[in-house]
Amino acid sequence: MSRLRLVEGDITNQEVDAVVNAANTDLILGSGVAGAIREKGGPSIEAECAAHGSIGIGQTAVTGAGDLPARFVIHAATMELGGAAEEEGVRSAVRSSLEVAAELGCTNIALPALGAGIGGLSLRKCAEISLEEAQAHFERENPLEEIRVVLLGEPAFRVFEMVQDSARVVAQMERMGKRSR
C-alpha cells in the first residue's frame, strides 16, 4: 500500500532508498538542503555532481549517497544558480524525482520542500505542487511504497499539513456530492 508521510526533521538523517536534493542546474552543492547533503554525505557526492555536469530546470541527475543512510541522491533542478524557482520547474522536478526513483527500483524516497527556501517559492505553493505530484504518482503502477516529505522546522511542517488537510476535505466533499446525486 502506497503512502505519503509528512516528517519534521533533517532529510540527511532519513534511512531511505533515495534522498532528493533541491539542486540548481549546475549541480553545485551550495547552501540549504544541498549544503547539508554535501556536509553529511561527504565529498564523493559533490565529485559525482561535477563529473555529471549541468542539467535543465525540472530535470534530475543521480549520484551515490556517500555517507548518507540512503542508496542514492536524486538531484532535482528547480532553478539556475543564483536564480529563483518557478512553479512549473518545481512541478517538473518533483515529477522527475519520483519517476527516477521508480526507475531505480526504490521503495521509499525522502523529498524536501523543492523550490522553497533559497528558491523563493512560497511554502504553500510548494506544498500544493509536491502533494499533487505525489498523489498523481501513486495513481500509476510503480514500486514506490512511501514518499516521505521531510520538512525542516515546525512552521514548514504545519504549512504542508494544512495543505494536505485541505486536499482531504476537498476530496471528501467531492465524494459526498457524488453520493447525494
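Scroll up to find the structure.
No experiment lies behind these values; they were computed from the predicted model shown. (Residues numbered from 1 in each chain as written. Predicted model: local features only at pLDDT ≥ 70, side-chain atom pairs only at ≥ 80, totals over all residues. Heavy atoms only, no water.)

Trainee: Can you walk me through the layout of surface pockets in this structure?
Mentor: Gaps left between atoms are located by rolling a probe of water-molecule size over the structure's atoms. One number sums up the size of the largest pocket: a volume of about 580 Å³. Broken down by secondary-structure element, the contributors of at least two residues to the lining of the largest pocket are strand E2 (16–24), helix H1 (32–41), strand E4 (70–79) and strand E6 (146–151). Considering each element in turn, the lining of the largest pocket owes the most residues, 4 residues, to H1. Reported here for the second largest pocket is a volume of approximately 450 Å³. What lines the second largest pocket is a set of 14 residues, among which Leu4, Leu131, Gln135, Gln164 and Ala167 lie closest to the centre. Every element with two or more residues in the lining of the second largest pocket is listed here: strand E1 (3–8), helix H4 (123–138) and helix H5 (154–179). The dominant element in the lining of the second largest pocket, judged by the number of residues it contributes, is H4, at 6 residues. (1 Å grid on protein atoms, 1.4 Å probe; cavity = no way out; pocket = protein on both sides within 12 Å on 5 of 7 lines; lining within 4 Å. Points joined across faces, edges and corners; volume = space filled by probe spheres on them. Helix = DSSP H or I, 4+ residues; strand = E, 2+ residues; numbered from the N terminus.)

Trainee: What's the story with the nonpolar core in this structure? I'm lost.
Mentor: Across soluble globular proteins, you tend to see nonpolar side chains buried next to one another. Ranked by internal contacts, the top residues of the largest apolar core, which has 34 residues, are Ile109, Leu114 and Phe160. Residue assignment for this core shows that the elements contributing at least two residues are E2, E4, helix H3 (87–103), strand E5 (108–111), H4, E6 and H5. For Leu114, the contacting residues outside a window of four places in its chain are Val20, Asn21, Ala22, Ala76, Thr78, Val90, Ala93, Val94, Leu121 and Cys126. Counting residues in hydrophobic clusters, the runner-up holds 20 residues, among them Ile37, Cys49, Ala61 and Leu68. (Core = buried A, V, L, I, M, F, W, Y, C linked by side-chain atoms within 4.5 Å. Buried < 20%, exposed > 50% of the residue type's maximum accessible area, 1.4 Å probe, protein only. Contact = heavy atoms within 4.5 Å.)

Trainee: How should the packing of H1 against helix H2 (residues 43–52) be read in this particular structure?
Mentor: When two helices pack together, their arrangement is given by the angle between the helix axes and by the axis-to-axis distance. Taken N-terminus to C-terminus, the directions of H1 and H2 make an angle of 125 degrees; their axes are 6 Å apart at the nearest point. For the element pair H1 / H2, the angle class is oblique. Residues Ile37, Arg38 and Gly41 of H1 touch H2, and the partners they reach there are Pro43, Ser44, Ile45 and Glu46. Grouping the amino acids of the contact of H1 with H2 by side-chain chemistry returns 3 nonpolar, 2 polar and 2 charged. (Axes fitted to C-alpha atoms, helices over the stretch in contact; angles between N-to-C directions. Parallel < 35°, antiparallel > 145°, perpendicular 65-115°, else oblique. Nonpolar A, V, L, I, M, F, W, Y, C, P; charged D, E, K, R; others polar.)

Trainee: Is there a simple way to think about the side chain of Asn108 in this case?
Mentor: Structurally, Asn108 can be placed in strand E5. According to the relative accessible area criterion, Asn108 is buried, its value standing at 16%. Reaching out from Asn108, the side chain makes a polar contact with the backbone nitrogen of Asp17 at a distance of 2.7 Å. When sequence neighbours within four positions are dropped, the list of residues in contact with Asn108 reads Glu15, Val16, Asp17, Ala18, Leu144 and Glu146. (Polar contact = N/O pair within 3.5 Å; in protein donor to acceptor, adjacent residues only side chain to side chain.)

Trainee: What exactly am I supposed to notice about the side chain of Glu146 here?
Mentor: Its location among the elements puts Glu146 in strand E6. A polar contact of 3.0 Å, which involves the side chain of Glu146, links it to the side chain of Arg5. The residues touching Glu146, leaving out its near neighbours within four places in the chain, are Arg3, Arg5, Thr107, Asn108, Ile109 and Phe138.

Trainee: Please clarify how the environment of Glu87 should be interpreted in this entry.
Mentor: By the secondary structure assignment, Glu87 is in helix H3. For Glu87, a relative accessible area of 40% corresponds to the partly exposed category. Between the C-alpha atom of Glu87 and that of Gln14, which follows or precedes it by 73 residues, the distance is 26 Å. Once residues within four sequence positions are removed from consideration, Glu87 is found in contact with Leu121, Lys125 and Ile129.

Trainee: What's the story with the sheet that holds E1 in this structure? I'm lost.
Mentor: Strand pairing within a sheet occurs via backbone hydrogen bonds; the two strands may be parallel or antiparallel. Strands sit in the order E1-E6-E5-E2-E4-E3 across an open sheet of 6 strands; the sheet is mixed. Looking along the sheet, the strands with just one partner apiece sit at the ends: E1 and strand E3 (60–64). On average, each strand axis in the sheet is inclined to that of its neighbour by 25 degrees, with strand direction left out of account. Relative to E6, E5 runs parallel, the two being bridged by 4 bridges. By the bridge assignment, Ile109 is partnered in E6 with Ile147. Across the sheet, H1 is in contact with E2 and E4; its angle to E2 comes to roughly 125 degrees. Running over the sheet, H3 touches E2, E3, E4, E5 and E6 and is turned about 160 degrees from E4. (Pairing = 2+ DSSP bridges.)

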